[in-house]
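# A look at the structure
Below are the chains, spelled out letter by letter.
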Amino acid sequence: MADGRISGKISGRIAIVTGGASGIGKATAELFAREGAKVVIGDLASSEGEKVAKEIGGTFVATDVREAKAVEKLVKTACDKHGALDIMFNNAGFGVTAPLVETSDQLYLDTIKVDLDGVFWGLRYAGRVMVSQKRGAIVNTASVAGIRGSVGLSAYNAAKHGVVGLTKAAALEFAPAGVRVNCVCPGVIDTPLVARAFGSSEEARERMHRAHPLGRMGLPIDIAKGVLFLASDDASFVTGHELVIDGGMCAAPGTGGRVLDD
Ligand SMILES: NC(=O)c1ccc[n+]([C@@H]2O[C@H](COP(=O)([O-])OP(=O)(O)OC[C@H]3O[C@@H](n4cnc5c(N)ncnc54)[C@H](O)[C@@H]3O)[C@@H](O)[C@H]2O)c1
């Protein structure tokens, strides 16, 4: 499937995308809509989220994924509006670099709340609906930081390793109902999150490109295509899997645990 062409793989499916106002979530919401899905975006950023939802003919629900009740409301809104839930993309997140010994209580707790708790609530509420429907696919956004350590990202590492573990646990529990659960592990993807975490100067961007054997940072659409695969019936025998989409970053040994070389 080339960009812009419709494969029909998820035509008519009901999909929730958290963090759909920006970056990877936005690219995925757009791709899902192009593929014929009815998309419900949940995000903290209301004006950007409303704008994306309007552009793709979807729905926006103001959602703070740190709050279980907010995620419950997001799932309920999608089900009330469309009568079912086929795809849940638990993607909202953020990352800030800090040495472990200088990581504040607030940064540690907030990272866990958004990046890990938010995924747990999404699994719990989407899982309840999908298990009772006996169909559905859930994709979580982990990271290469969910499968290896990174200098300066300890709280993020803890949360993202948790997402990989949760993915496997939920996959096992939901498998008897035919509900699949997988995650994606992106390398460094060119989004506002990365510009905030690592800088946006030419030099910073060059280091981010160099960190990937394929010679470039990833684009949000590179991840969206992996999410589409996992969410579609093409992946009907894939569950409990972490799909690494990182331009070869994890295949390169000897980085000393640094996300970027010095
Ligand atoms: N960009 C990368 O290099 C990269 C690499 C690996 C993993 N990730 C993960 O990908 C996901 C998306 O990141 P991105 O790079 O697209 O970032 P982004 O900043 O472009 O988008 C993140 C979105 O999540 C939303 N969000 C943040 N906190 C929220 C909350 N509490 N409740 C609801 N929405 C919230 C933001 O408003 C934003 O729209 C995150 O989970 C991130 O950890 C990103």
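Note that the coordinates shown come from a computational prediction; the quantities given were computed from them, not determined experimentally.

### Some words on the side chain of aspartate 115
If you trace the backbone, aspartate 115 turns up in helix H4 (residues 105-133). As a buried residue without a salt bridge, aspartate 115 has its nearest oppositely charged side chain in lysine 160, at a separation of 4.6 Å. If we skip the residues at most four places from it in the chain, aspartate 115 touches Ala92, Gly93, Phe94, Tyr156, Ala159, Lys160 and Val163.

### What to know about the nonpolar core
Nonpolar side chains in soluble globular proteins generally cluster together in the buried interior. Ranked by internal contacts, the top residues of the largest apolar core, which has 37 residues, are Ile16, Val75, Leu85, Met88, Leu123, Ile138 and Val181. Secondary structure elements with two or more residues in this core: helix H3 (68-82), H4, helix H5 (154-174) and strand E6 (180-186). It is H4 that contributes the most residues to this core, ten residues altogether. Not counting residues within four places of it along the chain, the set of residues in contact with valine 181 comprises Leu123, Ile138, Asn140, Thr167, Ala170, Ala171, Phe174, Thr239, Gly240 and His241. One finds Ile41, Phe89, Val184 and Ile245 within the second-largest nonpolar core, a separate group that totals 28 residues.

### Some words on the pattern of salt bridges
Throughout the structure, instances matching the rule amount to twelve salt bridges. Glutamate 72 is the partner of lysine 69 in a salt bridge, and the nearest nitrogen-oxygen pair spans 3.8 Å. Of the two residues, lysine 69 and glutamate 72 are both situated in helix H3; the distance of three residues between them amounts to about one turn of the helix. Judged by its relative accessible area of 32%, glutamate 72 is partly exposed. The closest approach of N and O atoms between aspartate 80 and lysine 76, which form a salt bridge, is 2.8 Å. Here lysine 76 and aspartate 80 lie together in helix H3, a separation of four residues that amounts to about one turn.

### Digging into the layout of surface pockets
Each pocket or cavity is described by its volume, and for the largest pocket that value is around 870 Å³. If you trace the largest pocket, you find 45 residues lining it, with Gly93, Phe94, Gly95, Leu193 and Arg196 closest to the centre. Only helix H1 (23-34), strand E2 (38-43), H4, H5 and helix H6 (192-198) provide two or more residues apiece to the lining of the largest pocket. With six residues, H6 is the single largest residue contributor to the lining of the largest pocket. Tallied by class, residues from the lining of the largest pocket come to 23 nonpolar, 14 polar and eight charged.

### With respect to the packing of H3 against H4
Helix packing geometry: the angle between the two helix axes and the distance between the axes. Put simply, H3 and H4 touch, their axes get as near as 9 Å, and they point 35 degrees apart. At the point where H3 passes H4, the crossing takes the right-handed sense. Facing H3, whose interface residues are Ala68, Val71, Glu72, Val75 and Cys79, H4 presents Trp121, Gly122, Arg124, Tyr125, Ala126 and Val129. Taken together, the residues of the contact of H3 with H4 break down into eight nonpolar, one polar and two charged.

### Description of the packing of H4 against H5
Orientation of H4 relative to H5, taken along the N-to-C sense of each, is 15 degrees, at an axis distance of 8 Å. What the angle tells us is that H4 and H5 run roughly parallel. The way H4 lies across H5 gives a crossing that is right-handed. Contacts between H4 and H5 involve Tyr108, Thr111, Ile112, Asp115, Leu116, Val119, Phe120, Leu123, Gly127 and Val131 from the first element and Ala155, Tyr156, Ala158, Ala159, Lys160, Gly162, Val163, Leu166, Ala170 and Phe174 from the second. Broken down by class, the residue content of the contact of H4 with H5 amounts to 15 nonpolar, three polar and two charged.

### Re unusual backbone geometry
At lysine 134, a residue that is not glycine, the phi angle is positive and equals roughly 65 degrees. Positionally, lysine 134 belongs in the loop between H4 and strand E5 (137-141).

### Observations concerning the pairing of strand E4 (residues 87-90)
Residues Ile87 and Phe89 of E4 are buried on one face, and the alternating residues Met88 and Asn90, pointing to the opposite face, are buried as well. Strand direction decides the pairing type here: E4 and E5, joined by four bridges, are parallel. Across the sheet, residue phenylalanine 89 finds its bridge partner in E5, namely valine 139. In this fold, the crossover linking E4 to E5 by way of H4 has right-handed handedness.

About the cut-offs
Residues numbered from 1 in each chain as written. Predicted model: local features only at pLDDT ≥ 70, side-chain atom pairs only at ≥ 80, totals over all residues. Heavy atoms only, no water. Helix = DSSP H or I, 4+ residues; strand = E, 2+ residues; numbered from the N terminus. Buried < 20%, exposed > 50% of the residue type's maximum accessible area, 1.4 Å probe, protein only. Lys, Arg positive; Asp, Glu negative; His and termini not counted. Salt bridge = Lys/Arg side-chain N within 4 Å of Asp/Glu carboxyl O. Contact = heavy atoms within 4.5 Å. Core = buried A, V, L, I, M, F, W, Y, C linked by side-chain atoms within 4.5 Å. 1 Å grid on protein atoms, 1.4 Å probe; cavity = no way out; pocket = protein on both sides within 12 Å on 5 of 7 lines; lining within 4 Å. Points joined across faces, edges and corners; volume = space filled by probe spheres on them. Nonpolar A, V, L, I, M, F, W, Y, C, P; charged D, E, K, R; others polar. Axes fitted to C-alpha atoms, helices over the stretch in contact; angles between N-to-C directions. Left-handed = near helix turned anticlockwise from the far one by under 90°. Parallel < 35°, antiparallel > 145°, perpendicular 65-115°, else oblique. Pairing = 2+ DSSP bridges. Right-handed = clockwise from strand over helix to strand, strands pointing away.

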